[in-house]
Amino acid sequence: MFNRPKIEIKNPEQISKMHRAGRVVGKALAAVEAAAQPGVSSGELDDIAKDVIFSNNATPSFLGYHGFPAHICVSINHEVVHGIPARDRILQQGDLVSVDCGAIVEGWHGDAAITIEIGTVKPELKKLSALTHQALMAGIAAAQVGNRISDIGQAIENVARSQTELDIGIVQEYVGHGIGSQMHMAPSVPNYGPPGNGVKLVEGMAIAIEPMFILGSPKVHILEDEWTVVSSEGAIASHWENTIVITKSGPEITTVRE
Ligand code: MG
Ligand code: MG
């Protein structure tokens with residue numbers, strides 16, 4: 001590959017700002033998770049995230065991004081990513097809800113997503129979320145100096161393919177990404193192999209790793225609101241994401257939830 005994208009390499013001061021941004025994202029997601037229960041609207045979850053972001057002297061990455069109208073994305077059941085929070089979207093017992101949040105501290109970004117079970121969900125949905133989280137952690141574990149970008153995707157894909165209990169569709173159209181002085185930067189970080197492709201990982205790179213698994217076909221399309229990405233089959237989805245920094249001693253997660 002001769003046409004390599006230019007990758008932003010962060011110095012220690014910049015990395016420490018990314019950790020601060022990541023901690024705000026972790027706090028916002030923890031607060032949203034604690035509040036998410038049957039009867040609560042996704043619009044109320046947006047208010048909670050907004051309060052956490054601003055009260056921690058950060059600014060939201062998502063609000064106004066290409067015109068996005070909210071502070072978080074809330075994607076319910078067959079919605080995969082980029083769902084818009086609303087007062088009239090009331091969470092129901094048994095829903096599987098993905099919440100994505102980004103925050104900026106002194107110009108540096110954090111980006112993370114979690115999948116939340118509303119009340120008691122069907123066993124296969126619980127397994128879907130657990131498997132997607134397991135894939136995220138496997139992808140992070142592969143983010144070692146000297147590995148290549150697609151080694152991360154291969155590790156994620158392996159988690160989906162090395163089990164037979166669930167029929168997993170791995171979303172292809174949306175992928176992880178470099179992150180730092182902007183939310184979305186080179187390189188793209190696909191959630192599938194083959195391994196050994198893409199740029200070599202070096203110290204000071206930061207990426208957001210974000211597997212999106214669907215319980216069925218990986219086919220997705222965008223709704224008329226021009227944001228919400230849904231499973232074309234109406235199948236249930238899970239999305240987990242962390243921002244990580246590559247270091248000599250291994251990947252460091254900036255978006256830690258306490
Ligand atoms: Mg995100
Ligand atoms: Mg992201």
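See above for the structure.
Here, residues in each chain are numbered from 1, in the same order as that chain's written sequence. Naming scheme: in the order in which they are written, chains are lettered from A and ligands are numbered from 1. Reporting in this predicted model follows two pLDDT cut-offs: at least 70 for local features of residues, and 80 or more for side-chain atom pairs to be given and counted; totals over whole chains, interfaces and linings ignore these cut-offs and use all residues. Just so you know, side-chain values use all the structure's heavy atoms and leave hydrogens and water out.

Visitor: How do you make sense of the overall build of the protein chain when you look at a structure like this?
Guide: Along its length, the protein chain carries 4 helices and 15 strands. Values of the radius of gyration come from C-alpha atoms, whereas the globule rule sets the reference at 2.2 Å times the count of residues to the power 0.38. The C-alpha radius of gyration computed for the protein chain amounts to 17 Å, which stays within 12% of the reference 18 Å derived for 258 residues, consistent with globular compactness. Only heavy atoms enter the contact rule, under which two residues are in contact if any of them lie within 4.5 Å. Within the protein chain, residue pairs in contact and separated by at least 24 positions form 72% of the contacts whose partners lie at least 6 positions apart. When the accessible surface of the protein chain is summed, it comes to about 11100 Å², and 51% of that surface belongs to carbon and sulfur atoms. Here the protein chain holds 19 positive side-chain charges and 29 negative ones, and the gap between their average locations is 7 Å. Secondary structure follows DSSP: runs of H or I at least 4 residues long count as helices, runs of E at least 2 residues long count as strands, and numbering of each begins at the N terminus. Only the protein chains shown count as cover for residues, and all accessible areas are computed by the Shrake-Rupley method using a 1.4 Å probe. Note on charges: Lys and Arg go in the positive column, Asp and Glu in the negative column, and His and the chain ends are not counted at all. Charge positions are represented by NZ for Lys, CZ for Arg, CG for Asp and CD for Glu.

Visitor: In this structure, what is going on with helix α2 (residues 42-55)? I would like to understand it.
Guide: Because the α-helix completes a turn every 3.6 residues, residues three or four places apart line up on one side. Helix length check: α2 (14 residues) gives 20 Å between terminal C-alpha atoms against 20 Å at 1.5 Å per residue, within 8%. Two residues or fewer past α2, Asn57 is found with a positive phi of approximately 55°. Expected helix span is computed as 1.5 Å times (number of residues minus one).

Visitor: Before we go on, may I ask you to explain the coordination of the magnesium ion (ligand 2) in this structure?
Guide: Metal coordination angles have textbook ideals: 109.5 degrees for a tetrahedral set of four donors and 90 or 180 degrees for an octahedral set of six. Donor atoms from the polypeptide that coordinate the magnesium ion (ligand 2) comprise Asp111 (OD), His177 (NE2), Glu210 (OE) and Glu241 (OE), at 2.1 to 2.3 Å from the metal. Of note, the donors binding the magnesium ion (ligand 2) are all from one chain and are spaced D-x65-H-x32-E-x30-E. Only N, O and S atoms count as donors, using a 2.8 Å limit from the metal and a wider 3.2 Å limit for Na, K and Ca, and since water is excluded some coordination spheres may look unfilled. Between the magnesium ion (ligand 2) and the magnesium ion (ligand 1) the interatomic distance amounts to 3.1 Å, and Asp111 serves as a bridging ligand to the pair. Taken together, the residues span a long stretch of sequence, with Asp111 in strand β5 (residues 108-117) and Glu241 in the loop between β13 (237-239) and β14 (242-247) at a distance of 130 residues.

Visitor: Just checking my understanding: could you explain the sheet that holds strand β12 (residues 229-231) for this structure?
Guide: The strands making up a sheet associate through hydrogen bonds between their backbones, and the pairing can be parallel or antiparallel. Pairing between strands requires that DSSP locate at least two bridges from one strand to the other. On the basis of which strands lie adjacent, the open sheet formed by 3 strands has the order β3-β12-β11 and antiparallel pairing. Looking at the sheet topology across the chains shown, the edges are occupied by β3 (79-81) and β11 (220-222). Neighbour-to-neighbour, the strand axes of the sheet open up by a mean angle of 40°, direction not taken into account. In terms of strand pairing, β3 meets β12 through 2 bridges, oriented antiparallel. Pairing of Val81 across the sheet is with Val229, part of β12. The convention used is that axes are lines fitted to C-alpha atoms, helices contributing only their stretch in contact, and that angles between N-to-C directions extend from 0 to 180 degrees.

Visitor: Is there a simple way to think about the coordination of the magnesium ion (ligand 1) in this case?
Guide: The magnesium ion (ligand 1) binds to the protein through Asp100 (OD), Asp100 (OD), Asp111 (OD) and Glu241 (OE), with metal-donor distances spanning 2.0 to 2.5 Å. Each donor residue of the magnesium ion (ligand 1) belongs to the same chain, with the gaps between them written as D-x10-D-x129-E.

Visitor: Just checking my understanding: could you explain unusual backbone geometry for this structure?
Guide: Most peptide bonds adopt trans geometry, and most residues besides glycine take a negative phi value. A cis amide bond links Ala186 with the next residue in sequence, Pro187, at an omega value of 0°. Locating Pro187 in the fold gives a position in strand β8 (residues 185-189). Cis peptide bonds are those with omega within 30 degrees of zero, and the linkage from Gly193 to Pro194 qualifies with 5°. Tracing the chain through its elements places Pro194 in the loop between β8 and β9 (206-209). The residue Glu226 is not glycine, and still its phi comes out positive at about 70°. Its relative accessible area of 67% is what places Glu226 among the exposed residues. Burial classes: relative accessible area under 20% of the type maximum marks a residue as buried, over 50% as exposed, and values in between as partly exposed (1.4 Å probe, protein chains only).

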